[in-house]
Amino acid sequence: NRRRSVPVLCSQGPNGTFSHSAGGYVNSYDFATNIGTPVIAPRDGIVVDIVNTNKKHGSDLSYEKRCNYVTLLFEDGSQCDLVHLRYKSTQCRKGDYVKAGDLVAYSGNTGFSGEPHIHLMVYVNRLVGDTVRWQSIPIRFRAGMHQHPCAIDGESDAVDGTI
């Protein structure tokens, strides 16, 4: 079930003008993929949420809540969303413990998406007044930054947003 990571094209990074320029998404990455590309766990964690029943996509915000995703909870309390997954492609269940490199799903094109890609975001929840709000945190990629600026290396066990 473990997969080796491969370099992928980063189609939008932090502060990207299409959808990462403001709010909670500012530290997110989008990686262009073909539909059906294996999506692996970037770090060890527990699967805390899954949606895999959506089929539609579109380039306007009315599709934002129609995406398929897997959410992982890391040991340091941060969480990771892997978004825009293929319909019914998840290979894990809520409550599963996954290790870095484990296959969790296959890439798709669901939700607020104009082209097939994987949206990766690591975030923390913060209490603002009486409301819990999430905020993405910067991600550092461990290996190959000088060769492949957006390559995901599933070998990290760091606790500071490092993948």
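For the structure itself, consult the block above.
Residues numbered from 1 in each chain as written. Predicted model: local features only at pLDDT ≥ 70, side-chain atom pairs only at ≥ 80, totals over all residues. Heavy atoms only, no water.

Participant: Could you clarify how one ought to interpret the packing of aromatic side chains in this entry?
Facilitator: Ring pairs (aromatic) are described by centroid distance and by the angle formed between their planes. Applying the stated criterion across every chain, the model contains 3 aromatic pairs. Across from the ring centre of Y87, 4.6 Å away, lies the NZ or CZ of K55, which sits over that ring. Sitting above the plane of the Y63 ring, R66 keeps its charged end 5.1 Å from the centroid. (Phe/Tyr/Trp six-rings, centres within 6.5 Å; stacked < 30°, edge-to-face > 60°. Lys NZ or Arg CZ within 6 Å of the ring centre and 35° of its normal.)

Participant: I would appreciate a short explanation of the nonpolar core in the present structure.
Facilitator: Taken as a class, soluble globular proteins show a tendency for nonpolar side chains to be buried jointly. By size, the foremost hydrophobic cluster in this structure holds 22 residues, and its most contacted members are L72, C80, L82, V98, V104 and L120. For this core, the secondary-structure elements that each account for two or more residues are β2 (29-32), β6 (69-73), β7 (79-83), β9 (103-106) and β11 (117-128). Of the residues forming this core, the biggest block, 4 residues, is contributed by β11. Beyond its immediate chain neighbours, meaning those up to four positions away, V98 contacts A41, R43, D44, G45, V47, L72, C92 and V104. (Core = buried A, V, L, I, M, F, W, Y, C linked by side-chain atoms within 4.5 Å. Buried < 20%, exposed > 50% of the residue type's maximum accessible area, 1.4 Å probe, protein only. Helix = DSSP H or I, 4+ residues; strand = E, 2+ residues; numbered from the N terminus. Contact = heavy atoms within 4.5 Å.)

Participant: Is there a simple way to explain a nonpolar patch on the surface in this structure?
Facilitator: Taken together, the side chains of I46, L73 and Y97 present a nonpolar region at the surface, about 270 Å² in accessible area. Tracing the backbone through its elements, the reader meets I46 in strand β4 (residues 45-51). (Patch = residues over 30% accessible without salt bridge, like charges linked within 9 Å, V, L, I, M, F, W, Y side chains within 5 Å. Areas by Shrake-Rupley, 256 points an atom, 1.4 Å probe, with all protein chains shown as cover. Salt bridge = Lys/Arg side-chain N within 4 Å of Asp/Glu carboxyl O.)

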